[in-house]
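Structure assessment
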Amino acid sequence: MDIVAVLVTAFWAMLPAYVPNNAAVLTGGGPPIDGGRTWGGRRLLGDGKTWRGTVGGIAAGAVLALLLNAVRPTLDELIAVELPAAFPLAAVVALPTGALLGDILASFLKRRTGRERGAAFPGVDQLDFVVVSLALTAVAAPGWFGATFTLPVLATVLVITPLLHVSTNVIAYKLSLKSEPW
Ligand code: CTP
Ligand code: MG
(Lines give C-alpha, C1' and ligand atoms only; values in the text may rest on other atoms or scores of the structure.)
(Ligands and ions follow the chains in the order given, each with its own letter.)
Protein backbone atom coordinates (compact mmCIF):
# COMPACT_ATOMS: atom_id res chain seq x y z
CA MET A 1 0.00 0.00 0.00
CA ASP A 2 1.31 3.45 -0.83
CA ILE A 3 1.01 6.40 1.53
CA VAL A 4 -2.19 7.75 -0.05
CA ALA A 5 -3.88 4.36 0.25
CA VAL A 6 -2.78 4.12 3.90
CA LEU A 7 -4.18 7.60 4.66
CA VAL A 8 -7.46 6.94 2.86
CA THR A 9 -7.91 3.57 4.60
CA ALA A 10 -7.13 5.03 8.05
CA PHE A 11 -9.52 7.93 7.62
CA TRP A 12 -12.34 5.92 6.00
CA ALA A 13 -12.22 3.07 8.50
CA MET A 14 -12.10 5.44 11.48
CA LEU A 15 -14.86 7.85 10.40
CA PRO A 16 -17.58 5.88 12.30
CA ALA A 17 -15.37 6.25 15.41
CA TYR A 18 -14.63 9.96 14.90
CA VAL A 19 -18.20 11.19 14.49
CA PRO A 20 -19.76 9.89 17.79
CA ASN A 21 -17.91 12.33 20.08
CA ASN A 22 -18.99 15.30 17.99
CA ALA A 23 -22.54 14.00 17.56
CA ALA A 24 -22.74 13.52 21.36
CA VAL A 25 -22.01 17.22 21.82
CA LEU A 26 -25.04 18.00 19.61
CA THR A 27 -27.44 15.36 21.04
CA GLY A 28 -26.23 15.47 24.67
CA GLY A 29 -28.24 16.74 27.63
CA GLY A 30 -30.80 15.28 29.97
CA PRO A 31 -30.15 12.63 32.63
CA PRO A 32 -26.48 11.75 33.20
CA ILE A 33 -25.47 8.07 32.90
CA ASP A 34 -24.25 7.96 36.50
CA GLY A 35 -27.60 9.29 37.74
CA GLY A 36 -25.71 11.76 39.95
CA ARG A 37 -23.99 8.98 41.90
CA THR A 38 -20.64 9.66 43.53
CA TRP A 39 -17.65 7.56 44.56
CA GLY A 40 -15.15 8.82 47.08
CA GLY A 41 -16.89 12.20 47.19
CA ARG A 42 -16.65 12.72 43.43
CA ARG A 43 -19.08 12.02 40.63
CA LEU A 44 -18.76 8.58 39.05
CA LEU A 45 -18.72 10.10 35.52
CA GLY A 46 -20.20 13.59 35.77
CA ASP A 47 -22.90 15.56 33.96
CA GLY A 48 -20.93 15.53 30.70
CA LYS A 49 -21.80 11.86 30.02
CA THR A 50 -25.52 11.56 29.25
CA TRP A 51 -27.75 8.80 27.88
CA ARG A 52 -28.94 11.04 25.05
CA GLY A 53 -25.41 11.96 24.00
CA THR A 54 -24.29 8.33 24.14
CA VAL A 55 -27.23 6.92 22.17
CA GLY A 56 -27.13 9.82 19.68
CA GLY A 57 -23.39 9.44 19.20
CA ILE A 58 -23.53 5.68 18.63
CA ALA A 59 -26.48 6.06 16.24
CA ALA A 60 -24.67 8.77 14.25
CA GLY A 61 -21.51 6.65 13.91
CA ALA A 62 -23.47 3.54 12.91
CA VAL A 63 -25.57 5.42 10.34
CA LEU A 64 -22.40 6.92 8.88
CA ALA A 65 -20.81 3.45 8.56
CA LEU A 66 -23.91 2.21 6.70
CA LEU A 67 -23.79 5.29 4.45
CA LEU A 68 -20.13 4.64 3.67
CA ASN A 69 -21.03 1.02 2.83
CA ALA A 70 -23.73 2.30 0.48
CA VAL A 71 -21.47 4.70 -1.45
CA ARG A 72 -18.42 2.44 -1.36
CA PRO A 73 -19.04 0.48 -4.59
CA THR A 74 -19.56 3.66 -6.66
CA LEU A 75 -16.66 5.53 -5.08
CA ASP A 76 -14.35 2.55 -5.43
CA GLU A 77 -14.84 2.63 -9.21
CA LEU A 78 -14.33 6.39 -9.42
CA ILE A 79 -11.10 6.72 -7.48
CA ALA A 80 -7.78 5.01 -8.08
CA VAL A 81 -7.25 4.14 -4.43
CA GLU A 82 -8.73 0.89 -3.16
CA LEU A 83 -11.12 1.45 -0.25
CA PRO A 84 -11.27 -0.91 2.73
CA ALA A 85 -13.78 -3.77 2.57
CA ALA A 86 -17.34 -2.81 3.58
CA PHE A 87 -17.93 -2.49 7.35
CA PRO A 88 -19.42 -5.76 8.64
CA LEU A 89 -22.39 -5.21 10.98
CA ALA A 90 -20.20 -6.01 14.03
CA ALA A 91 -17.84 -3.17 13.06
CA VAL A 92 -20.76 -0.82 12.31
CA VAL A 93 -21.72 -1.18 15.98
CA ALA A 94 -18.29 -1.66 17.60
CA LEU A 95 -16.51 1.37 16.10
CA PRO A 96 -18.90 4.03 17.50
CA THR A 97 -19.70 2.10 20.69
CA GLY A 98 -16.02 1.67 21.50
CA ALA A 99 -15.39 5.35 20.81
CA LEU A 100 -17.96 6.50 23.36
CA LEU A 101 -17.00 3.74 25.81
CA GLY A 102 -13.43 5.08 25.70
CA ASP A 103 -14.70 8.61 26.27
CA ILE A 104 -16.79 7.43 29.25
CA LEU A 105 -13.82 5.50 30.66
CA ALA A 106 -11.71 8.66 30.36
CA SER A 107 -14.31 10.66 32.31
CA PHE A 108 -14.26 7.95 34.99
CA LEU A 109 -10.46 8.31 35.22
CA LYS A 110 -10.72 12.12 35.19
CA ARG A 111 -13.10 12.09 38.16
CA ARG A 112 -10.90 9.61 40.07
CA THR A 113 -7.88 11.88 39.54
CA GLY A 114 -9.78 14.92 40.81
CA ARG A 115 -10.42 16.59 37.45
CA GLU A 116 -13.71 18.48 37.26
CA ARG A 117 -16.07 18.19 34.28
CA GLY A 118 -14.48 19.77 31.24
CA ALA A 119 -10.93 19.68 32.65
CA ALA A 120 -8.28 18.73 30.11
CA PHE A 121 -6.46 15.41 30.41
CA PRO A 122 -3.76 15.69 27.73
CA GLY A 123 -3.12 12.46 25.87
CA VAL A 124 -6.13 10.68 27.34
CA ASP A 125 -8.57 13.20 25.77
CA GLN A 126 -7.07 12.65 22.32
CA LEU A 127 -6.61 8.89 22.28
CA ASP A 128 -9.10 7.33 24.74
CA PHE A 129 -11.79 6.82 22.12
CA VAL A 130 -9.50 5.51 19.41
CA VAL A 131 -7.85 2.87 21.60
CA VAL A 132 -11.11 1.46 22.97
CA SER A 133 -12.83 1.69 19.57
CA LEU A 134 -10.02 -0.28 17.91
CA ALA A 135 -9.87 -2.83 20.74
CA LEU A 136 -13.62 -3.48 20.68
CA THR A 137 -13.65 -3.75 16.88
CA ALA A 138 -10.68 -6.16 16.93
CA VAL A 139 -12.74 -8.45 19.19
CA ALA A 140 -16.10 -7.95 17.43
CA ALA A 141 -14.92 -8.14 13.79
CA PRO A 142 -11.43 -9.75 13.85
CA GLY A 143 -11.35 -10.67 10.15
CA TRP A 144 -12.24 -7.21 8.86
CA PHE A 145 -10.05 -5.58 11.51
CA GLY A 146 -6.97 -7.62 10.55
CA ALA A 147 -7.43 -6.96 6.83
CA THR A 148 -8.06 -3.23 7.27
CA PHE A 149 -5.80 -2.17 10.13
CA THR A 150 -2.38 -3.23 8.93
CA LEU A 151 0.56 -1.85 10.94
CA PRO A 152 1.07 1.23 8.72
CA VAL A 153 -2.67 2.01 8.92
CA LEU A 154 -2.67 1.60 12.72
CA ALA A 155 0.37 3.88 13.05
CA THR A 156 -1.32 6.47 10.82
CA VAL A 157 -4.49 6.35 12.93
CA LEU A 158 -2.48 7.01 16.09
CA VAL A 159 -0.84 10.06 14.46
CA ILE A 160 -3.80 11.64 12.62
CA THR A 161 -6.41 11.08 15.36
CA PRO A 162 -4.98 13.53 17.93
CA LEU A 163 -4.54 16.12 15.15
CA LEU A 164 -8.15 15.71 13.95
CA HIS A 165 -9.48 15.63 17.50
CA VAL A 166 -7.72 18.84 18.50
CA SER A 167 -8.77 20.71 15.34
CA THR A 168 -12.45 19.62 15.37
CA ASN A 169 -12.75 20.51 19.07
CA VAL A 170 -11.27 23.96 18.48
CA ILE A 171 -13.82 24.47 15.68
CA ALA A 172 -16.69 23.24 17.92
CA TYR A 173 -15.46 25.65 20.62
CA LYS A 174 -15.30 28.59 18.21
CA LEU A 175 -18.85 27.75 17.06
CA SER A 176 -19.88 27.78 20.76
CA LEU A 177 -20.95 24.13 20.55
CA LYS A 178 -18.42 23.11 23.22
CA SER A 179 -17.44 25.05 26.33
CA GLU A 180 -13.74 24.14 26.18
CA PRO A 181 -11.43 23.87 23.16
CA TRP A 182 -10.33 20.25 24.04
N1 CTP B 1 -21.75 14.27 25.76
C2 CTP B 1 -22.83 13.50 26.22
N3 CTP B 1 -22.68 12.14 26.40
C4 CTP B 1 -21.49 11.54 26.13
C5 CTP B 1 -20.39 12.31 25.67
C6 CTP B 1 -20.56 13.68 25.50
O7 CTP B 1 -23.92 14.03 26.46
N8 CTP B 1 -21.38 10.19 26.30
C9 CTP B 1 -21.96 15.73 25.56
C10 CTP B 1 -22.06 16.50 26.89
O11 CTP B 1 -22.96 17.55 26.69
C12 CTP B 1 -20.64 17.02 27.06
C13 CTP B 1 -20.21 17.32 25.64
O14 CTP B 1 -20.86 16.31 24.85
O15 CTP B 1 -20.57 18.14 27.91
C16 CTP B 1 -18.71 17.33 25.42
O17 CTP B 1 -18.16 16.05 25.66
P18 CTP B 1 -16.86 15.84 26.54
O19 CTP B 1 -15.83 16.85 26.25
O20 CTP B 1 -16.50 14.40 26.42
O21 CTP B 1 -17.44 16.05 28.05
P22 CTP B 1 -17.08 17.12 29.17
O23 CTP B 1 -18.31 17.94 29.44
O24 CTP B 1 -15.82 17.80 28.86
O25 CTP B 1 -16.90 16.21 30.47
P26 CTP B 1 -15.63 15.31 30.87
O27 CTP B 1 -14.76 16.16 31.71
O28 CTP B 1 -16.26 14.20 31.64
O29 CTP B 1 -14.99 14.83 29.62
MG1 MG C 1 -14.34 17.63 27.56
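This report concerns the structure included in the present document. No experiment lies behind these values; they were computed from the predicted model shown. (Residues numbered from 1 in each chain as written. Chains lettered and ligands numbered in written order. Predicted model: local features only at pLDDT ≥ 70, side-chain atom pairs only at ≥ 80, totals over all residues. Heavy atoms only, no water.)

**Here's the deal with the side chain of Asn169**
The following threshold applies: By the criteria applied, helices consist of DSSP H or I runs no shorter than four residues and strands consist of E runs no shorter than two, each listed in order from the N terminus. Each residue's exposure class comes from its accessible area (1.4 Å probe, protein chains only) as a fraction of the maximum for that residue type: buried when under 20%, exposed when over 50%, partly exposed otherwise. Contacts: residue pairs with any heavy atoms within 4.5 Å of one another.
By the secondary structure assignment, Asn169 is in helix α6 (residues 151-174). Residue Asn169 is classed as buried on the basis of its relative accessible area of 6%. Beyond its immediate stretch of four places on either side in the chain, Asn169 contacts Asn22, Lys178, Glu180, Pro181 and Trp182.

**Let's talk about unusual backbone geometry**
A positive phi angle, close to 60°, is found at Ser176, a residue other than glycine. The class of Ser176 is exposed, set by a relative accessible area of 63%.

**Side note on the nonpolar core**
Nonpolar side chains in soluble globular proteins tend to end up buried together. Let me state the cut-off plainly: Each nonpolar core is a collection of buried residues, namely Ala, Val, Leu, Ile, Met, Phe, Trp, Tyr and Cys, held together in the definition by side-chain atoms within 4.5 Å.
Judged by nonpolar contacts, the single largest core of 27 residues is most densely connected at Met14, Phe87, Leu134, Trp144, Phe149 and Val157. Elements represented by at least two residues in this core include exactly α1 (3-27), α2 (51-78), α3 (89-112), α4 (124-140), α5 (142-148) and α6. In terms of residues, this core owes the most to one element, α1, which gives eight residues. Setting aside anything within four residues of it in sequence, one finds Val157 in contact with Ala10, Met14, Tyr18, Val130, Leu134, Phe149 and Pro162.

**Quick look at the pattern of salt bridges**
For clarity, the cut-off: Counted as salt bridges are all cases of a side-chain nitrogen of Lys or Arg within 4 Å of a carboxyl oxygen of Asp or Glu.
According to the stated counting rule, one finds six salt bridges in the structure shown. Asp103 is paired through a salt bridge with Lys49; the nearest N and O atoms lie 2.9 Å apart. Linking Asp103 in helix α3 with Lys49 in the loop between β2 (42-43) and α2, this pair joins segments that are 54 residues apart in sequence. Of the two residues, Asp103 and Lys49, both sit in the buried class. Here the residues in one salt-bridge network are Asp34, Arg43 and Asp47, joined through shared partners.

So far we have only geometry, and geometry alone does not tell us how the molecule works.
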